[in-house]
Each structure stands twice: as C-alpha cells, then as structure tokens.
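# Observations on the three-dimensional arrangement
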Amino acid sequence: MKSKLAPKVLMACGIAAFGVLVAFGCGGGASGVSDAKLPTGVRSSAIEHEACDESGNKVEVLDANNDGKPDIKRVSKNGREVCRISDLNHDGKPDMFEYFDETGQLRRREADYDDNGVVNSIEIYQGGKLVRRELDTSNQGKIDTWDTFDPNTGAPLKRERDSNGDGRVDQWWTYDGDKVSIAMDRNGDGLPDPDSTVVLGGSGAPTPSDAGAVAMADAATTPPPAPPSISMPSPNEPAPPVAVSDAGVVGKPQRGGAKR
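Treat the numbers as computed from the prediction; the structure is a model and nothing was measured.

## Here we look at the overall build of the protein chain
- Of regular secondary structure, the protein chain possesses 1 helix and 15 strands.
- When burial is assessed residue by residue, the protein chain has 43% of its 260 residues classed as buried.
- For the protein chain, contacts bridging at least 24 residues in sequence account for 43% of all contacts bridging at least 6.
- In the form shown here, the protein chain has an accessible surface area of approximately 13,100 Å², with 52% of it arising from carbon and sulfur atoms.

So, in structure tokens, the structure goes:
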C-alpha cells in the first residue's frame, strides 16, 4: 500500500538530485537553426536540449512518493524559479524539463514520452500559451514534425512534416475546426502536389483519392499529449500529499529522440 504521508521536501544547492548529468547540446531558446538560414522547404531537424543549470542556484528537491528517491527538482535563481526537472515514472531518470520566464509562466517544455532517456518533444510557449511543438516521431534522433498553435485558443493551426527523413518538408497540414487538409509532395520538387491532398474530418468522409495516405494521416492526426505540469508546494508551508504518475501521458507513443 502506498504511503499517504506528505512528500518529503529536501533543500539543496547545486546538487544533482537524480544522479544524472544532462549534457546533450544547450540551446537558449527555440530549438533548431533559424529557418532564414536554410534553403526553401528545409527545416532544422536538430534537437537542442536547454540546460537547467543547478550550479550556484537554489535547488529544491521533492520526494513525491516517499520512496527515498527525488522525483522533482525545482531550480531557483534570485528568488524566482527558472526551471524544473521531473521524474514522472520514478525510475531515477528525468523525463520532463520545464523552463519559466521572468513572470513565472511556462516558456518551454521538453519531454521523453517513451522513458528511454531521450528527449523527443519540445514545446515553446509565449505568455504561458503553447505556440509551437517540435516532435521526433520516427525514432531517428531528429525533429521531423513541426506544429504551430493559436496562442489565444490553443487550437492547432498547421503542421509541417518530413515524412521520409530527407530534411525537406513534404507534408503540409492545415486545420479548420475538426477538418484537416493534408497536402503532400511526392515528386520531390518541394511543393505540394495538387492531386495528392487528403481531407479528414469535417462534414464529409475522408477523400478516397489515396487510401494509404488517409490511413497514414489518420494514424498521425493526434500528436503525443503534453505531460502534466506539476506544482511544487511552497517551502514555507506544509507539503500536501502529491501523487505523481504517468496518468497525464496515457497512450504515449513508443518513440525516441536525441539524448538528454
């Protein structure tokens, strides 16, 4: 039976609580190279992990399930939380990184959905609202899918995909309510082919022009769910019971990405 006692909150400064050194690239903001430097139709596929620097900063460690192992690390600088590292499945390795802006709002989230020790999802936030998501869906250690969201409503606006791994976008997804239109480039000229657009959802059935494309698009329509943000108790108040699990990432895909 799991203990119902309040989670233990430990205080540390500059100590790696998980015993895992994260050292795969260090990006200061959005991952990848600026699109302006790349040829038309080419998107950067590099996965860049942003460091959550504990050195010289205050590190608050939470043992959420009272097993004697840290599950969450909250890193603060000058009295403000700057980043958070979480071990959602209690295996001793971090699988979610969250970063916060000067106002305390979430600005970036990195996640390892399949618990294999590698980041395969990067989300970018503005004003605490999701505006972009980059995914490694092919287990190749590189970004192959780029999603854009409406910062006001959170609704998806478009998706670009490199389905064959050649570094060039060959699928363009556009969203209109519950209707998704997917244009594809099959001849490799970098442009959507007029006769290869697939429409899913909406008032009618999927366009039957390409059954294989419909099956592929239908399987990829729903991106991996974002893991839940976990609130830390105030160090000045008694810590309430906390249940940390993978409940927020049910159905997470078995995919990989770049090493953290």
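The discussion continues.
## Quick notes on the pattern of salt bridges
- The full count for this structure, using the stated rule, is 12 salt bridges.
- Between arginine 107 and glutamate 50 there is a salt bridge; the shortest N-O distance is 2.4 Å. Of this pair, arginine 107 sits in strand S6 (residues 106-111) while glutamate 50 sits in the loop between strand S1 (8-13) and strand S2 (58-63), placing them 57 residues apart in sequence.
- Put simply, glutamate 50 and arginine 108 hold a salt bridge, and the shortest N to O gap is 3.5 Å. Remark: arginine 108 occurs in strand S6 and glutamate 50 occurs in the loop between S1 and S2; sequence separation between them is 58 residues. For the pair formed by glutamate 50 and arginine 108, the shared burial category is buried.
- Within the structure, one salt-bridge network assembled from shared partners comprises Glu50, Arg107, Arg108 and Glu110.

## Notes on unusual backbone geometry
- A positive phi angle, close to 55°, is found at asparagine 78, a residue other than glycine.
- The exposure class of asparagine 78 is exposed, given its relative accessible area of 78%.
- Even without being a glycine, histidine 90 presents a positive backbone phi close to 60°.

## Re the nonpolar core
- Residues Cys52, Val75 and Cys83 are the most contacted members of the largest nonpolar core, which totals 19 residues.
- Breaking this core down by element, the ones donating at least two residues are S2, strand S4 (80-86), strand S5 (96-100) and strand S8 (121-126).
- A per-element tally of this core places S4 first, with 3 residues.
- In contact with valine 75, other than residues within four places in its own chain, are Cys52, Asp53, Glu54, Asn57, Lys58, Val59, Arg80, Glu81, Val82 and Cys83.
- Core analysis: the next-biggest nonpolar cluster, separate from the first, contains 7 residues, Trp173, Ile182, Met184 and Val198 among them.

## Here we look at the pairing of S4
- Among the 7 residues in S4, 6 count as buried, and that is most of the element.
- Sheet topology note: the strand S3 (residues 72-77)/S4 ladder contains 6 bridges and is antiparallel. The partner of arginine 74 across the bridge, within S4, is arginine 84.
- Linking S3 to S4, which pair antiparallel, is a turn of 2 residues; within it asparagine 78 sits at a positive phi near 55°.
- Pairing between S4 and S5: 4 bridges, direction antiparallel. Residue pairing across strands places cysteine 83 opposite tyrosine 99, the latter belonging to S5.

What counts, and at which threshold
Residues numbered from 1 in each chain as written. Predicted model: local features only at pLDDT ≥ 70, side-chain atom pairs only at ≥ 80, totals over all residues. Heavy atoms only, no water. Helix = DSSP H or I, 4+ residues; strand = E, 2+ residues; numbered from the N terminus. Buried < 20%, exposed > 50% of the residue type's maximum accessible area, 1.4 Å probe, protein only. Contact = heavy atoms within 4.5 Å. Areas by Shrake-Rupley, 256 points an atom, 1.4 Å probe, with all protein chains shown as cover. Salt bridge = Lys/Arg side-chain N within 4 Å of Asp/Glu carboxyl O. Core = buried A, V, L, I, M, F, W, Y, C linked by side-chain atoms within 4.5 Å. Pairing = 2+ DSSP bridges.

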